[in-house]
Amino acid sequence: MGAGALSALLYLTVQWPSPGALILAYLSPLLLYLVGFSLGVTVVLIATLTGTVVAFLAGSWLDALAYAILNAAPAAVLVRFSLMSRTSANGQAQIWYPPGQLLTWLAAGASLLFMAVLAWTSQNEGGLWYGLENFMQSMVQTFAATGGKEPTDQLQNAVAQMSSLLPAMVGVSWMTMHVVNGLLALGLAIRFGWNLRPAADIAQLQVPKSLFYALAIALASAFLSDMMGLMARTIAIYLLYPYIFAGLGIVHLGARLVKARVALLLIFYLLLFILGWPLILVAGLGMIDQWAGLRRRISGLRSHPENGQDNGQEKE
């Protein structure tokens, strides 16, 4: 109950007029995941219900609804799936729910939330994107007026393009928030010996092939005009998100072929952070792996004696 209450209070800090408050709000699901990975599904449900009540008492019913939909419910569902496991056929190993499936559920959740927002804003004139563009254009006009200038046509066109991408950016940020907090919580639970499940190896992360078909439909629909095209492009970005982690898994697996893998991965992530656009290539790598078996081929190279392996075990 204490974790849920503190999580809700962290979420409400987003209303503070301070940039640092965004960081606190971003970390609000951390405590939910921590109690979930440490104490189980029942406890995380208690925490989410408590957090929703506290968000209502300390804020409003809209705050409670937003907290429940954006933070509490996704954390409870993902913890529930994360703690699912089964015994292998020979009864000698415990197989945990695949992280690639968790990412797929997260992408599906982002798509459903986006569709709900579209339906909610459809009653307004012009719908979601028209409202976003008007809001951003008014902000530009306000900032330009303070400087005694008029916004240029180039700036207004850039704002229009940015408004069309804003729902996708918000959805990706929301998914990343849950991924980061979930990984941090599991890491803390493992550090203190509280974890109910082990950490997953990113090099083995794979997404279900059914996601590819959904992504193909979204990409094909992205060429439609007006609202349908914008909607399909946004959903396609959500569905592409799990493939980024699948591609990172291939990168990590390939890095194990070289001795200086730590330095190589540091340089890779630094370039990824600075440039950004290589994420598309990484996602493409994850998609190619589903059909070309890159993971299997790299694993075969790792087990070859010439690559410093002996009977499939890495030499120390």
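Residues numbered from 1 in each chain as written. Predicted model: local features only at pLDDT ≥ 70, side-chain atom pairs only at ≥ 80, totals over all residues. Heavy atoms only, no water.

Looking at the pattern of salt bridges
Alright, step 1. Here the structure, examined in full by the defined rule, presents two salt bridges.
Alright, step 2. We note a salt bridge from D201 to R256, for which the minimum N-O separation is 2.9 Å. On the criterion of sequence distance, the pair formed by D201 in the loop between α8 (153-191) and α9 (209-221) and R256 in the loop between α10 (226-255) and α11 (261-275) is long-range, its members being 55 residues apart.
Alright, step 3. Judged by its relative accessible area of 32%, D201 is partly exposed.
Alright, step 4. Close ionic contact of R295 with D289 constitutes a salt bridge, the shortest N to O distance being 3.1 Å. (Salt bridge = Lys/Arg side-chain N within 4 Å of Asp/Glu carboxyl O. Helix = DSSP H or I, 4+ residues; strand = E, 2+ residues; numbered from the N terminus. Buried < 20%, exposed > 50% of the residue type's maximum accessible area, 1.4 Å probe, protein only.)

Let's talk about the environment of W96
Alright, step 1. For W96, the position within the fold is in strand β2 (residues 94-96).
Alright, step 2. Its relative accessible area of 19% is what places W96 among the buried residues.
Alright, step 3. Measuring from C-alpha to C-alpha, the distance between W96 and M84 comes to 6.1 Å, with 12 residues separating the pair along the chain.
Alright, step 4. Contact partners of W96, with chain neighbours within four places excluded, come to S82, L83, M84, S85, L196, R197 and P198. (Contact = heavy atoms within 4.5 Å.)

Details of the packing of aromatic side chains
Alright, step 1. Going through the model one piece at a time under the given rule, you end up with 11 aromatic pairs.
Alright, step 2. Geometrically, the ring pair formed by F212 and W291 is edge-to-face, given 5.3 Å between the ring centres and 70° between the ring planes. Of this pair, F212 sits in helix α9 while W291 sits in helix α12 (residues 278-292), and the two are 79 residues apart along the sequence.
Alright, step 3. Cluster of aromatic residues (ring-pair linked, three or more members): F81, Y97 and W105.
Alright, step 4. A cation over a ring is seen here: R191 above F192, with NZ or CZ 5.8 Å from the ring centre.
Alright, step 5. The positively charged end of K209 is found above the aromatic ring belonging to W291, 4.5 Å away from the centroid. (Phe/Tyr/Trp six-rings, centres within 6.5 Å; stacked < 30°, edge-to-face > 60°. Lys NZ or Arg CZ within 6 Å of the ring centre and 35° of its normal.)

Structural notes on the side chain of R295
Alright, step 1. Within the secondary structure, R295 sits in helix α13 (residues 294-302).
Alright, step 2. A relative accessible area of 6% places R295 in the buried class.
Alright, step 3. The residues contacting R295, other than those within four sequence positions of it, are I202, A203, Q204, L205, Q206, A246, G249, I250, L253 and D289.

Details of helix α6 (residues 99-121)
Alright, step 1. Between the first and last C-alpha of α6 there are 33 Å, a value that for 23 residues agrees with the 33 Å anticipated at 1.5 Å per step.
Alright, step 2. Listed as buried for α6 are G100, L102, L103, T104, L106, A107, G109, A110, S111, F114, L118 and T121. (Expected span 1.5 Å × (residues − 1).)

A look at the confidence of the model for the chain
Alright, step 1. Here the chain shows a mean pLDDT of 86. Residues at 70 or above account for 86%.
Alright, step 2. Element-level pLDDT for the chain is lowest in strand β4 (residues 313-314), with a mean of 43, against a maximum mean of 97 in helix α3 (residues 30-39). (pLDDT = per-residue confidence, 0-100.)

Details of the layout of surface pockets
Alright, step 1. Space inside the largest pocket adds up to approximately 1000 Å³.
Alright, step 2. Lining the largest pocket are 29 residues; nearest its centre among them are L70, L113, V117, V170 and W174.
Alright, step 3. Among the secondary structure elements, those contributing two or more residues to the lining of the largest pocket are α2 (19-26), α5 (61-82), α6, α7 (127-146) and α8.
Alright, step 4. No other element matches α8, which puts eight residues into the lining of the largest pocket.
Alright, step 5. Tallied by class, the residues present in the lining of the largest pocket amount to 25 nonpolar, four polar and no charged.
Alright, step 6. Space inside the second largest pocket adds up to approximately 700 Å³.
Alright, step 7. Forming the walls of the second largest pocket are 21 residues, and the residues nearest its centre are T176, Y241, I244, F245 and L279.
Alright, step 8. Going through the elements one at a time, α8, α10, α11 and α12 are the ones with two or more residues in the lining of the second largest pocket.
Alright, step 9. Here the residues of the lining of the second largest pocket are counted per class, giving 19 nonpolar, two polar and no charged. (1 Å grid on protein atoms, 1.4 Å probe; cavity = no way out; pocket = protein on both sides within 12 Å on 5 of 7 lines; lining within 4 Å. Points joined across faces, edges and corners; volume = space filled by probe spheres on them. Nonpolar A, V, L, I, M, F, W, Y, C, P; charged D, E, K, R; others polar.)

A word on the side chain of S7
Alright, step 1. Along the chain, S7 turns up in helix α1 (residues 2-12).
Alright, step 2. One polar contact links the side chain of S7 to the main-chain carbonyl oxygen of S28, over a distance of 2.5 Å.
Alright, step 3. Within the local environment of S7, its side chain forms a polar contact with the side chain of Y67, the two groups lying 2.9 Å apart.
Alright, step 4. In this structure S7 touches S28, P29, L31, L32 and Y67, once residues within four positions along its chain are discounted. (Polar contact = N/O pair within 3.5 Å; in protein donor to acceptor, adjacent residues only side chain to side chain.)

Description of α10
Alright, step 1. For α10, spanning 30 residues, the distance from its first C-alpha to its last is 43 Å, which sits close to the expected 44 Å at 1.5 Å a residue.
Alright, step 2. The principal kink in α10, of about 25°, is found at Y241, preceding the proline P242 by one to four residues.
Alright, step 3. For α10, the buried fraction is high: 22 of the 30 residues fall into the buried class. (Bend = angle between axes of the 7 residues up to and from the residue.)

A short note on the packing of α10 against α12
Alright, step 1. Where α10 meets α12, the axes come as close as 6 Å, and the angle between the chain directions of the two elements is 80°. The pairing of α10 with α12 is recorded here as roughly perpendicular in orientation. Where α10 abuts α12, its residues L240, Y243, I244, A246, G247, L248, I250 and V251 lie against L279, V282, A283, L285, G286, M287, D289 and Q290.
Alright, step 2. Here the residues of the contact of α10 with α12 are counted per class, giving 12 nonpolar, three polar and one charged. (Axes fitted to C-alpha atoms, helices over the stretch in contact; angles between N-to-C directions. Parallel < 35°, antiparallel > 145°, perpendicular 65-115°, else oblique.)

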